[in-house]
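Report on the structure
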Amino acid sequence: MKVGFVFHKDPSLQPDGIDTIRLHALTGGLRERGLAVEIIAPVDGHTITAAGVPVHPLAHLGVAGYDVVKTCYHFSIELIGTFDGPVVSRIVRVVDEKAPARDAAWRHTLMRCQDVIAARARVVVFDNRENQQRWHAVYGAQAPTMLVPTGCPSVIPRSGASPYEEGETVVLFLGSLCAPRMVPMLNRLAEALQGVARIHHVGRSKLHLYDDGGADGKAEELAPLVVRHGEMPEARIWDYIGHARIGLALAPGPYSFDNDLAKIYSYLRGGLPVLAEERIVNNDLLRATGSGGVFAYDDIDDAAARARLLLERPPGVTRQQVMDYMVREHAWERRVDRYYQLLTCLQAGGQKPQPCC
């Protein structure tokens, strides 16, 4: 079976964000399961990813004879050209006329893509039930849907030397700044935790891609109290997780459907307790593992109080117990299994396997 994963940018030129991590994990895993999986992207020539997956230019779609094509994000659907076979489309969040506010600049494009997906995709895949339900509220049962949440690696590098200053108590904020509200939240929390812990940020700023609906156009910058490390390869990130005391998760916005955070999987895979804001859909993982706490939405005083509590009274479960749970329940191999079932079912002429939870 030949499958093309359509990605909206050259994966070889991207940093190790969750988008490329997921792409490599799924395509590499499906190839290990025996499927002839390739990546189709806006590249000039043929390349090979670090996971050993071939990457081909968009024109390859018309000549390669794919049995199924999977699109990875909204924008990918506009890259499939005249391909007329079965399409599986994944959507991160369902956008409507008003929400989320941070997508204001791209709203019409995202909604146009959703309309194409609704008309074209054989199956639409979501990370969580909130977006699956939003999709059905807007598009009905036009295309069957399936849930395939984010995953985590079953094997991570052995922890190395600490990247932090000796004796420093670290609250780690991992991943992109992807909503304007995150910067003042980090600044206020860093100030509230002075003398107790230091906030470190590993990742990039994507704020230029988003808007919060404000009219003044002024964006607050991260304060010096927040230590910035920038982007880095995934292998190095595990040292930052392994030597931190708390992993911090901030909600991009007020709606749970917009707050599916892959960073929580990474924190817990490294055994790190998580301090998470309300309205984040992955907070169920904190309850399942018993490792972390939830603070009230937009309440820095509560966030600081719960951070101090986590530092003074760590969770009753060990880091290894949390790590083992994440591998057992949420390793990428489990997500690969779901896609394998789906893709082989489509090839056989069916709609999809039974929905997963």
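These lines cover the structure that appears in this document, whether it is placed above or below. Just so we're clear, the structure is a prediction, and the values are computed from it rather than from any experiment.

1. With respect to the pattern of salt bridges
Within the structure shown, the criterion is met by 14 salt bridges. A salt bridge links D258 to R102; its shortest N-O distance comes to 2.9 Å. Residue D258 is found in the loop between β12 (246-249) and α6 (263-269), and its partner R102 is found in the loop between β6 (87-91) and α2 (107-120); the two are separated by 156 residues along the sequence. Residue D258 shares its accessibility class with R102, and that shared class is buried. Measuring nitrogen to oxygen at the nearest pair gives 3.0 Å for the salt bridge that ties E277 to R181. In this pair, E277 is assigned in strand β13 (residues 274-277) and R181 in the loop between β9 (170-174) and α4 (182-192), connecting sequence segments 96 residues apart. The residues E277 and R181 share a single accessibility class, namely buried. Via salt bridges that share partners, R93, R102, D103 and D258 belong to a single interconnected network.

2. Structural notes on the side chain of D260
Here D260 lies in the loop between β12 and α6. Within the buried set, D260 has no salt-bridge partner at all; the shortest N-O distance to an opposite charge, 6.5 Å, is to R22. Within the structure, the side chain of D260 is placed 2.6 Å from the side chain of N128, a separation counted as a polar contact. In this structure the side chain of D260 is engaged in a polar contact, spanning 3.1 Å, whose partner is the side chain of N282. Here D260 is in contact with D127, N128, T150, V281 and N282, once residues within four sequence places are set aside.

3. Some thoughts on the side chain of N131
Inspection of the secondary structure assignment puts N131 in helix α3 (residues 129-139). If sequence neighbours within four positions are ignored, N131 has contacts with V92, R93, V94, F126 and F257.

Definitions and limits used
- Residues numbered from 1 in each chain as written.
- Predicted model: local features only at pLDDT ≥ 70, side-chain atom pairs only at ≥ 80, totals over all residues.
- Heavy atoms only, no water.
- Salt bridge = Lys/Arg side-chain N within 4 Å of Asp/Glu carboxyl O.
- Helix = DSSP H or I, 4+ residues; strand = E, 2+ residues; numbered from the N terminus.
- Buried < 20%, exposed > 50% of the residue type's maximum accessible area, 1.4 Å probe, protein only.
- Lys, Arg positive; Asp, Glu negative; His and termini not counted.
- Polar contact = N/O pair within 3.5 Å; in protein donor to acceptor, adjacent residues only side chain to side chain.
- Contact = heavy atoms within 4.5 Å.

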